[in-house]
Amino acid sequence: DHLYAVIRLDDGVEHLIPNGEFMEDGILSIGPGEYVNVVVTATPEGVALSHLELKRMHRWVELVRVFDGDESIQVQLEMPVKAGYCANYRGVPVFIPYPHIDLTPGKHVEKLLGTMIEVKVLELDRDTNRVVASRKQALEQGRARFIAGLNCGDSVAGVVKNITDFGAFVDLGGTVGLLHNTQM
């Protein structure tokens, strides 16, 4: 039960890195003789190596690419916090404001806690380690793609959500449409 991994650089100097930096799902992901990628960081005591900091740097590069490309990412929704929800993108904390958690304001999303959800990145600030995202925008984008992909005469399946005097509202996987009485 060693607490540190001994990393020998090309110049022969050995450094210690806590084993926790190499844990994945509670399992040590390295073994003797394996090559690992690390980043050199400055500390008050001198120089240190970090595998975790290198992973964080890679995550930020990914986040910038996603943000610039107007893409979505999968985050794990962790817990409600003041004014929103805290999520996690591969070790990077993500804040989702209450108005951006769902299409319907006030809808209960507690059932989503602990699950992976798709979000769009709204703001990035590496200096403050701040990432703000929106599930609402990701859902709207998915809805727009779905509607754009529909053609007249397409057959689609859905779930009846509500029945009224004039027809039924059918959920087509996140998009609700009206099936009028005259079309039933």
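Here, every reference points to the structure presented above.
Caption draft 1: The arrangement of the nonpolar core in detail. Judged by nonpolar contacts, the single largest core of 20 residues is most densely connected at L63, I73, V75, L77, V94 and I96. Residue assignment for this core shows that the elements contributing at least two residues are α1 (51–68), β7 (72–81), β8 (84–89), β9 (92–97), β10 (116–125) and β11 (130–134). A5, I7, F22 and L49 belong to the second largest nonpolar core, which has six residues in total.

Caption draft 2: Focus on the side chain of K120. By the element assignment, K120 lies in strand β10. Here D70 takes part through its side chain, which lies 2.4 Å from a polar atom of the side chain of K120.

Caption draft 3: Layout of the pairing of strand β14 (residues 176–180). Alignment of strand β13 (residues 167–171) against β14, held across five bridges, turns out to be antiparallel. Bridging across to β14, F169 finds its partner in L178. Hairpin connection of β13 to β14: four residues between the antiparallel strands, including G173 at a positive phi of 85°.

Caption draft 4: Here's a closer look at the pattern of salt bridges. Going through the model one piece at a time under the given rule, you end up with eight salt bridges. R90 is the salt-bridge partner of E62, the closest N and O atoms lying 2.9 Å from each other. Highlighted residues: E62 in helix α1 and R90 in the loop between β8 and β9, separated in sequence by 28 residues. Given the relative accessible area of 19%, E62 is considered buried. Relative accessible area serves as the criterion here: at 48%, R90 is assigned to the partly exposed category. The network of salt bridges with common partners includes E53, R56 and R126.

What counts, and where the lines are drawn
Residues numbered from 1 in each chain as written. Predicted model: local features only at pLDDT ≥ 70, side-chain atom pairs only at ≥ 80, totals over all residues. Heavy atoms only, no water. Core = buried A, V, L, I, M, F, W, Y, C linked by side-chain atoms within 4.5 Å. Buried < 20%, exposed > 50% of the residue type's maximum accessible area, 1.4 Å probe, protein only. Helix = DSSP H or I, 4+ residues; strand = E, 2+ residues; numbered from the N terminus. Polar contact = N/O pair within 3.5 Å; in protein donor to acceptor, adjacent residues only side chain to side chain. Pairing = 2+ DSSP bridges. Salt bridge = Lys/Arg side-chain N within 4 Å of Asp/Glu carboxyl O.

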